[in-house]
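For reference, the chains in residue letters:
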Amino acid sequence: GESVGLHLPTLSVQEGDNSIINCAYSNSASDYFIWYKQESGKGPQFIIDIRSNMDKRQGQRVTVLLNKTVKHLSLQIAATQPGDSAVYFCAETIAGGGGNKLTFGTGTQLKVEL
Amino acid sequence: DVKVTQSSRYLVKRTGEKVFLECVQDMDHENMFWYRQDPGLGLRLIYFSYDVKMKEKGDIPEGYSVSREKKERFSLILESASTNQTSMYLCASSSITGGGETQYFGPGTRLLVL
């Protein structure tokens, strides 16, 4: 079946460093990708999205890169702060997969060390 | 801002009880979703709805039902709660306009079935 997965379950970074969280997807028909942040005890929060006709999209301190050739997605967080500590999920939609259904990865725990 | 609210943050129920989880969104979104989230398994789609009075099964509908009598409200029902339904339940909504793929989540309901 189709899958969306993350390479690392836990990522530890020093405060102020840049963080890179990776995601692989297997379906070349996927055309929309989202990154969510989930803090402990809270629901997932939308961070940034990207469509398959783009390679890069930037937000505030975050950048998403999409490499369709190798079916890889990454989230880059600049100058990581303690408030960035959370679980990060990537999600995808598959063209023709039925409305707005998303497939989620299992998540990467980002830990920011002071 | 999109606001999705869930009726309870924590619930404790006994095996065999009928459980209602309520979700309300205030953005006039057409689509609403119910997920459960378990460690190591990520978010799994239980049911979703594209319109009032319509519903579609997700990936794990067994043991659950839903109701959508009003556009803003989507209820998840556990007809006879079982211990394997102990989980975090997340509601989400999305619009069909402007791409419509981004789902916005509520804070979650942590359900414990004894």
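As the structure is a prediction and not an experimental result, all values here were calculated from the model. (Residues numbered from 1 in each chain as written. Chains lettered and ligands numbered in written order. Predicted model: local features only at pLDDT ≥ 70, side-chain atom pairs only at ≥ 80, totals over all residues. Heavy atoms only, no water.)

Chemist: Could you clarify how one ought to interpret the pairing of strand 11 (residues 108-113) of chain A in this entry?
Modeler: Put simply, side chains in a regular strand alternate between the two faces of the sheet. All names here are of chain A. Burial along strand 11 is one-sided: the face carrying T108, L110 and V112 is buried and the face carrying Q109, K111 and E113 is not. Two strands pair when backbone bridges link them, and strand 2 (residues 10-14) and strand 11 are joined in this way by five bridges, in the parallel orientation. Residue pairing across strands places L11 opposite L110, the latter belonging to strand 11. (Buried < 20%, exposed > 50% of the residue type's maximum accessible area, 1.4 Å probe, protein only. Helix = DSSP H or I, 4+ residues; strand = E, 2+ residues; numbered from the N terminus. Pairing = 2+ DSSP bridges.)

Chemist: Help me understand the environment of C23(A) in this model?
Modeler: Structurally, C23(A) is set in strand 3 (residues 19-25). For the pair C23(A) and S74(A), spaced 51 residues apart in sequence, the C-alpha separation works out to 5.9 Å.

Chemist: In this structure, what is going on with the sheet that holds strand 8 (residues 73-78) of chain B? I would like to understand it.
Modeler: Strands pair in a sheet through their backbones, by hydrogen bonds, and they do so in one of two ways: parallel or antiparallel. Residues and elements named next belong to chain B. Taken together, the four strands give an open sheet; going across it, the order is 1-3-8-7, and neighbouring strands pair in antiparallel fashion. Whereas interior strands pair on both sides, the edge strands pair on one side only; in this sheet they are strand 1 (4-6) and strand 7 (64-70). The average angle at which neighbouring strand axes cross in this sheet is 20°, direction not considered. Where strand 1 and strand 3 (residues 19-25) come together, three bridges link them in antiparallel fashion. Counterpart to V4 in the pairing with strand 3 is Q25. (Axes fitted to C-alpha atoms, helices over the stretch in contact; angles between N-to-C directions.)

Chemist: Even after reading the chapter, I still don't get the state of the cysteines, so can you show me in this structure?
Modeler: Within this structure, the stated rule accounts for two disulfides over all chains. C23(A) shares a disulfide with C90(A); S-S distance 1.9 Å. Linking C23(A) and C90(A), the disulfide has an S-S dihedral of approximately 55° and is accordingly described as right-handed. Taken together, the residues C23(A) in strand 3 and C90(A) in strand 9 (residues 86-94) connect sequence positions 67 residues apart. On the basis of relative accessible area, C23(A) is assigned to the buried category, the value being 2%. Disulfide pairing is shown between C23(B) and C91(B); the S-S distance is 1.9 Å. Taking the torsion about the sulfur-sulfur bond, which here is approximately -75°, the covalent link between C23(B) and C91(B) counts as left-handed. One end of the pair, C23(B), is in strand 3; the other, C91(B), is in strand 9 (residues 87-94), with 68 residues separating them in the sequence. Both residues of the pair, C23(B) and C91(B), count as buried. (Disulfide = S-S within 2.5 Å.)

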